[in-house]
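# A closer look at the structure
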Amino acid sequence: MSENTEKKEAKKLLKVSSNPHVRDGMNTRSIMLAVVIALMPATIFGIINFGYHAFLVVATAVGFSVLAEFVMCKILKKPVSISDCSAIVTGLLLGLNLPPMFPLWMTAVGACFAIVVVKMLFGGLGQNFMNPALGARCFLVISFAKYMTNFNCDAYTGATPLAVLKSGGAVNIYDMVIGRTAGTIGETSMIAIVLGACFLIALGIIDLRIPGMYILSFVIFILIFGKRGFDFNFVCAHLAGGGLMLGAFFMATDYVTRPITKKGQYVYGILLGILTGIFRIFGASAEGVSYAIILGNLLVPLIEKITLPKAFGKGGENS
Amino acid sequence: MFTFHGGIHPYDGKDISKDRPIVDYSPKGDMVYPLSQHIGAPCECVVEVGEKVLVGQLIAKDTGFVSSPIYSSVSGVVKAIEPRRIITGDHVKAIVIENDNEYKSVKFTPHPDYSKLSREEIVSLIQKAGVVGMGGAGFPTHVKVSPKEPDKIEYVIANCAECEPYLTSDYRIMIEQPQKLVEGLRIELSLFNNARGILAVEDNKPDCIAKLRELTKDDEKISVIPLKTKYPQGSERHLIFATTKRAINSSMLPSDAGCIVNNVDTICSIYSAVVEGKPLLHRIVTVTGDCIKTPQNFRVPIGTNYHELVDEAGGFIKNPEKIVSGGPMMGFAIFDLDVPATKTSSALLCLSKDQISSASETACINCGRCVEVCPGRVIPSKLADFAQNGDREQFEKYNGMECCECGCCSYICPAKRYLTQSIKSMRRMILADRKKGGKK
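Residues numbered from 1 in each chain as written. Chains lettered and ligands numbered in written order. Predicted model: local features only at pLDDT ≥ 70, side-chain atom pairs only at ≥ 80, totals over all residues.

Attention now goes to the overall build of chain B. Looking only at helices and strands, chain B features 13 helices and 17 strands. Taken over the C-alpha trace, chain B has a radius of gyration of 21 Å; the compact-globule value for 440 residues is 22 Å, and the two agree within 12%. By residue count, 57% of the 440 residues in chain B fall in the buried class. Taking the contacts inside chain B whose residues are at least 6 apart along the sequence as the reference set, 72% of them involve residues at least 24 apart. (Helix = DSSP H or I, 4+ residues; strand = E, 2+ residues; numbered from the N terminus. Rg over C-alpha atoms; globule rule 2.2 N^0.38 Å. Buried ≥ 20, exposed ≤ 12 C-beta atoms within 10 Å, placed from the backbone. Contact = placed C-beta atoms within 7 Å.)

This part takes up the overall build of chain A. In terms of helices and strands, chain A carries 15 helices and 0 strands. Based on the C-alpha atoms only, the size of chain A along its principal axes is roughly 95 × 50 × 30 Å. Residues classed as buried in chain A amount to 51% of the 319 residues present. Pairs at least 24 residues apart make up 77% of the contacts formed inside chain A by residues separated by at least 6 positions.

A few words on the interface of chain A and chain B. With 36 residues of chain A at the contact, the number on the chain B side is 58 residues. Split by residue class, the side of chain A that touches chain B holds 16 nonpolar, 12 polar and 8 charged. (Nonpolar A, V, L, I, M, F, W, Y, C, P; charged D, E, K, R; others polar.)

The subject of this paragraph is the environment of L239(B). Residue and element names in this part refer to chain B. On the secondary structure map, L239 appears in helix α6 (residues 236-244). C-alpha separation for the pair L239 and I157, spaced 82 residues apart in sequence, amounts to 8.5 Å. Dropping the residues within four chain positions of it, L239 is found in contact with I157, N159, A161, A200, Q233, G234 and V261.

This brings us to the pairing of strand β9 (residues 155-160) of chain B. All names here are of chain B. Of all 6 residues making up β9, 6 are buried, and the element is well covered by its neighbours. Residues Y155, I157 and N159 of β9 are buried on one face, and the alternating residues V156, A158 and C160, pointing to the opposite face, are buried as well. The pairing of β9 with strand β10 (residues 196-202) spans 6 bridges and is parallel. Along β10, the bridge assignment pairs C160 with V201. Across 5 bridges, the pairing between β9 and strand β12 (residues 259-263) is parallel. (Pairing = 2+ DSSP bridges.)

The next thing to look at is the pairing of strand β11 (residues 222-227) of chain B. Residues in a regular strand project their side chains so that they alternate between the two faces of the sheet. All names here are of chain B. Alignment of β10 against β11, held across 6 bridges, turns out to be parallel. Paired with L199 across the strands is V224, a residue of β11. In the classification by handedness, the crossover that spans β10, the intervening helix α5 (residues 206-215) and the parallel β11 is right-handed. (Right-handed = clockwise from strand over helix to strand, strands pointing away.)

The next thing to look at is the domain arrangement of chain B. All names here are of chain B. Domain annotation for chain B reports domain 1 (114-276) and domain 2 (369-439). Listed by partner, the interface residues are 7 residues for domain 1 and 6 residues for domain 2. Its residues assigned to classes, the side of domain 1 that touches domain 2 comprises 2 nonpolar, 4 polar and 1 charged. (Domains from an automatic or database assignment.)

Take unusual backbone geometry next. With an omega of -5°, the peptide bond running from N19(A) to P20(A) counts as cis. Within the element layout of this structure, P20(A) appears in the loop between α1 (2-10) and α2 (28-50). Between Y231(B) and the following residue, P232(B), the backbone shows a cis peptide bond with an omega angle of -5°. Mapped onto the elements of the fold, P232(B) is located in the loop between β11 and α6.

The subject of this paragraph is the sheet that holds strand β4 (residues 52-53) of chain B. Residues and elements named next belong to chain B. Pairing within the open sheet is antiparallel, and its 4 strands lie in the order β2-β8-β7-β4. Two strands lie at the open edges of the sheet, namely β2 (31-34) and β4, each paired on one side alone. Pairing between β4 and strand β7 (residues 76-85): 2 bridges, direction antiparallel. When the bridges of β7 are listed, V53 appears paired with G76.

To continue, consider the environment of D113(B). With respect to the secondary-structure elements, D113(B) resides in the loop between β8 (91-99) and α1 (119-128). A C-alpha to C-alpha distance of 7.2 Å links D113(B) and V275(B), two positions 162 residues apart in sequence.

Buried residues of helix α12 (residues 232-240) of chain A: A237(A), H238(A) and A240(A), and no others. G242(A) occupies a position one or two residues after α12(A) and carries a positive phi of about 65°.

Residues and elements named next belong to chain A. In this model helix α3 (residues 52-75) runs 34 Å from its N-terminal to its C-terminal C-alpha over 24 residues, within 8% of the 34 Å that 1.5 Å per residue would give. Buried within α3 are the following residues: A54, V57, V58, T60, A61, V62, F64, S65, A68, E69 and M72. Taken together, the buried residues of α3 touch α2, α4 (86-96) and α5 (104-119). One or two positions beyond α3, positive phi appears at K77, with a value near 55°. (Expected span 1.5 Å × (residues − 1).)

Our focus in this paragraph is the sheet that holds strand β14 (residues 296-301) of chain B. All names here are of chain B. Strands sit in the order β1-β14-β13-β17-β15-β16 across an open sheet of 6 strands; the sheet is mixed. Two strands bound the open sheet, and with one partner strand each, they are β1 (22-24) and β16 (332-334). Geometrically, the sheet is characterised by an average inter-axis angle of 30° between neighbouring strands, direction not taken into account. Sheet strands touched by helix α3 (residues 169-176): β1, β13 (282-288), β14 and β17 (347-351). Its angle to β13, the strand with the most contacts, is close to 120°. (Axes fitted to C-alpha atoms, helices over the stretch in contact; angles between N-to-C directions.)

Turning our attention to the confidence of the model for chain B. All names here are of chain B. Averaged over chain B, the pLDDT score is 92; the fraction of residues at 70 or greater is 99%. Per-element mean pLDDT across chain B ranges from 87 in helix α13 (residues 419-439) up to 96 in helix α12 (residues 408-412). Predicted as a complex, the structure gets a pTM of 0.91 and an ipTM equal to 0.89. (pLDDT = per-residue confidence, 0-100.)

Another point: the packing of α2(A) against α4(A). Residues and elements named next belong to chain A. For the pair α2 and α4, the least separation of the axes is 10 Å and the interaxial angle reads 25°. When the interaxial angle is binned, α2 and α4 end up roughly parallel. Our pair here, α2 against α4, has a crossing hand that is left-handed. Two secondary-structure elements touch here, α2 through M32, V35, V36, L39, A42, T43 and G46 and α4 through S86, I88, V89, L92 and L96. (Parallel < 35°, antiparallel > 145°, perpendicular 65-115°, else oblique. Left-handed = near helix turned anticlockwise from the far one by under 90°.)

Packed helix pairs are specified by the crossing angle of their axes together with the interaxial distance, meaning the distance between the axes. Residue and element names in this part refer to chain B. Across the interface, helix α4 (residues 178-189) lies against helix α7 (residues 264-276) with an axial gap of 8 Å and an inter-helix angle of 75°. Comparing the axis directions of α4 and α7 gives the class roughly perpendicular. Only V264, I267, C268, I270, Y271, V274 and V275 of α7 make contact with α4, whose side of the interface consists of K180, L181, E183, G184, L185, I187 and E188.

What follows is the structure in structure tokens.
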């Protein structure tokens, strides 16, 4: 018998592993690429709308994000992870959150801050507690406030619609929905952003839980505290203006920095809506989406803790 | 729609074997009968090397209530009693019988009119026939049908979901011998005064639903329930929930919800055990996968070597990289074909590509897909983290013990993490510790 066994052991053995033995085709890279594609309408619209320098800003942000990740992986002696395309998404989101005439070297600094400080130093993909693009945006606002709030370019001069609204002026809703207003490169066109968001929803990459609750609670907040009563124009301007759409669909839904529990996602969405409302209505600046999301990011561990789902057979079978 | 929350829709691969009728296979080589083919105490061998045995002769007897006897499925001579490899890769004491290919059988005592038998007689026939849960778990059926309070059983559910991809053995039984299934269910129902029968079939088998409905249309006690096609619809706890809206957690038994669940092949074996008086000698095995020349459904004598089944199905047309005993979601990967089919072998799946070893694990991006699909409604990504860090306390706090190890999280994970695998290891450790603690 032993000779027999040995003979059998000598032949080629098959691969074994614990179940399951099949896998879905979706991987991290395909998700990231889908997000990049979904951001294309807003990116292309922004570049056409604001001109060549906007393209340079976006390209610099993407390029330096990828480069920073590559260099960091080498320095930290980790396997190079740029092929998962997450750095492209970060760079693109950062670029879309910058004014069209933003200096390129500052863009590069912002991209490096996003990747090196917010992402890689905390352990790389999946470990950052804050959205890297938004973290970098806030860093840039603090460091280069003058440039970050200057939305003048060849196409537009003057204040953003939200700033106009804040000082009591009138805005053109139609232009805002299309995106023909001053603002950051990617935030102005509601149509382009929603188009991209529909693509992600159709693919099942994001769902409406967070954006839906975010927008809904924000609308309710400004209806109550906006001091304009039920002013349809005012509500629409707040929805189409500023970074709300881009933030709600593309940054509040960032997997890494939003709660993983279903109930937690509702709570998170409502929280973001209220925070954005507070910042926009009562705050000194006209915009508040980035700060709302960043603050929300920090509260995610707490939200997850209080929204632990119940297991099947312990009350959780119906949700 | 009758279903549960969560679940996945993997490629089902059933088309390649579903239209192949069940073929009786007569093995030629040696037969191997591991002494433990069920959950519970291993059997005790009652034959000696050199002894002649017949088809249907007891070769290993049960050693307690939660145990199940084993019968020879061929006639021949006992060649050896020695450790042999089984599908899990372990070596287990087994009886090896040299097949004389004559199939001389002992005489069976049929009971065509089971209504004359008492409850105890029926249970004893099931017990003596060695019937166990043939869906994969191998829990002795006579234990299942003997709950503490039989009058509290309200539903006897026939698990006809067959939610595992590639498997078509239950489907073929429902197409070819639906009356056996329905009669078997009626026998089970006769054990319980207050029970109704449910045939729960996934709606991707409309032909089965129609046939079973036709057969049971005059029977008020039996209903056919179409289930949403989704894995793991056939998981016992989720099947009970889908059909009765009663949810049980991992520490409860189906009988706590007034239910008893049996799989198709098991119910047919109950029929054979009672009406034909035959012990469990055969089972239906689907031999399939992209490496098999002619995928087929075989009626296989228990103990048959897997090599023979592959050869009978025309052999390999491609080199297999992975061979799974059972379905791709819950089955065991085997590293060598030289193992016997047992009471719980539902399929032999030969895949030319191993999707597990071809992708490496990457960082969790917290996408929440595992949470969406988890039928246990837990957070697999966090549980796997706790398991990998050895954090037992958090693992149990986050309901890690409610995991049913169905594999949905690992299937869906875009980062290709070994979620089910990690959670499973931790659960095994905790269960083993609890068992030790219980004995002290």
